[in-house]
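# Geometric and topological summary
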Amino acid sequence: MKIGIIGTGAIGGTIAKKMAAAGHSVKVNSSGDIDKLNARAEELGVVAATLTDVVKDVDVIILSVPTVAIPTLPKDLLANVPENVIVVDTSNYYPFRDADIEEIKDGKVESVWVSEQLGRPVIKAFNNLLAETLVNGGKESGAKDRIAMAVAGDDIEAKKVISDLINDAGYDAVDSGDLSESWKHQPGTPAYCTELTAEELKQALCDGVKEEAPSLRDKTIVDLSSLPSYPSHSDVVEYNRGLFQKNPKSV
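Analysis parameters
Residues take numbers from 1 onward in each chain, read along the sequence in its written order. Whole-chain, interface and lining totals are the exception, using all residues; otherwise, since this is a predicted model, local features are given only for residues with pLDDT of at least 70 and side-chain atom pairs are given and counted only at 80 or more. Just so you know, side-chain values use all the structure's heavy atoms and leave hydrogens and water out. A run of H or I in DSSP counts as a helix once it spans at least four residues, and a run of E counts as a strand once it spans at least two, with each numbered from the N terminus. Residue contacts are defined here by distance: any two heavy atoms, one from each residue, within 4.5 Å place the two residues in contact. Exposure is judged per residue with a 1.4 Å probe applied to protein chains only, and the accessible area is read against the type maximum: over 50% gives exposed, under 20% gives buried, and values in between give partly exposed. Note on pairing: DSSP must find at least two bridges between two strands before they are called paired. For crossovers, right-handed means that the path from the first strand over the helix to the second runs clockwise, given strands pointing away from the viewer. As used in this structure description, the phrase polar contact means that two N or O atoms lie within 3.5 Å; if the pair is within protein, one of them must be able to donate a hydrogen and the other to accept it, and residues adjacent in sequence are counted only when both atoms belong to side chains. As a rule, the C-alpha atoms of each element are fitted with a line to give its axis, helices using only the stretch in contact, and angles between N-to-C directions run from 0 to 180 degrees. For classification, angles of less than 35 degrees are called roughly parallel, those exceeding 145 degrees roughly antiparallel, those between 65 and 115 degrees roughly perpendicular, and all remaining angles oblique. In this scheme the handedness of a crossing depends on how the near helix is turned from the far one: anticlockwise by less than a right angle means left-handed, clockwise means right-handed. Both site types are read off a 1 Å grid over the protein atoms alone. A 1.4 Å probe that fits but cannot get out defines a cavity, while an open set with protein on both sides within 12 Å along at least five of seven lines defines a pocket; lining residues have an atom within 4 Å of a point. Grid points are joined across faces, edges and corners, and a volume is the space filled by probe spheres set on the points. Residues were grouped as follows: Ala, Val, Leu, Ile, Met, Phe, Trp, Tyr, Cys and Pro as nonpolar; Asp, Glu, Lys and Arg as charged; and all remaining residues, including Gly, as polar.

With that settled, consider the environment of His185. Among the structural elements, His185 can be located in the loop between strand 8 (172-177) and helix 9 (198-207). As for His185 and Ala173, which are separated by 12 residues in sequence, their C-alpha atoms are 13 Å apart. In this structure His185 touches Asn92, Lys124, Asn127, Asn128, Ala150, Val151, Ala152, Ser176, Ala191, Tyr192 and Leu205, once residues within four positions along its chain are discounted.

Structure follows, in structure tokens:
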């Protein structure tokens, strides 16, 4: 499969590396100068491309940029991209980083807002795991305690394609519903960054409370930022689990 990825940070870069390792043809673009992009692409084992070229002649486009950067993309970036090309949104909205996006603050589902900015449907995926989990947490299909990722969107066939890519990355995929239901794995929910198996994730997606998520998201940032030293990966996962009494792995 041919994949174009915009963004080569902790998430986008890891997805690119894993997709290339799985045998897919991957090209990437990111902000910054061309020398840095070329070096990053070589490091990941993929091909560097201009922003215009990264969306050409591909089957899947993965947007792995901060939410606030979505409206800064060229308005015509996807104008000539065929309708059957799947666009994936991996972003998560954090006000301290992304500033105030009033529609999201007023309750609009993050990826619904992203879809509106782009003017085309998106699939929400690769957003509910920490970067380190994505790097090191993958296992072979069928392995015990394999971690799962949520996938939301309005196109069932597109979700199946992205679910296959998630499997290639080393994770089980769980269909979380239509794009309007992707709030169930936004920050501040039991499904977000808690490293659950497929069955556990299904339960966590049912247990989330949309109205409570923003305050829990903000509480997490305040609590973790106030620690004397940055917490370890496992500490962050345990903290996230402990926010929710119903979380299958909460202590």
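Counting buried residues in strand 7 (residues 148-152) gives five out of five residues, a clear majority hidden from the surface. Burial of strand 7 is two-sided: the residues Ala148, Ala150 and Ala152 facing one way and the residues Met149 and Val151 facing the other way are all buried. One ladder, built from five bridges, connects strand 7 with strand 8; its direction is parallel. Bridge pairing links Ala148 to Asp172 in strand 8. A crossover connection joins strand 7 to the parallel strand 8 through helix 8 (residues 156-169); in handedness this β-α-β unit is right-handed.

Our focus in this paragraph is the side chain of Arg146. Its place among the elements puts Arg146 in the loop between helix 7 (131-136) and strand 7. Reaching out from Arg146, the side chain makes a polar contact with the backbone oxygen of Tyr171 at a distance of 3.4 Å. Within the structure, Arg146 has its side chain in polar contact with the side chain of Asp172 (distance 2.8 Å). With residues up to four places along the chain from it excluded, the contact list for Arg146 reads Lys139, Glu140, Ser141, Asn167, Gly170, Tyr171, Asp172, Leu196, Thr197 and Ala198.

Their axes nearest at 12 Å, the elements helix 10 (residues 213-225) and helix 11 (residues 233-242) cross at an angle of 140°. Here helix 10 lies oblique to helix 11, going by the angle between them. For helix 10 against helix 11, the interelement crossing comes out right-handed. Along its contact with helix 10, which presents Lys219, Thr220, Asp223 and Leu224, the element helix 11 presents Val236, Tyr239 and Asn240.

Reported here for the largest pocket is a volume of approximately 880 Å³. Taken together, 38 residues make up the lining of the largest pocket; nearest its centre are Tyr94, Arg97, Leu130, Ala131 and Tyr192. Taken together, the elements giving at least two residues each to the lining of the largest pocket come down to helix 1 (10-21), helix 4 (95-98), helix 7, helix 10 and helix 11. Across the lining of the largest pocket, the residue classes tally to 21 nonpolar, 14 polar and three charged. Space inside the second largest pocket adds up to approximately 290 Å³. Contributing to the lining of the second largest pocket are 16 residues, with Glu83, Val85, Pro121, Asp155 and Ala158 lying nearest its centre. Counting only elements with at least two residues in the lining of the second largest pocket, the list comes to strand 5 (86-89) and helix 8. Of the residues assigned to the lining of the second largest pocket, the class counts are eight nonpolar, three polar and five charged.

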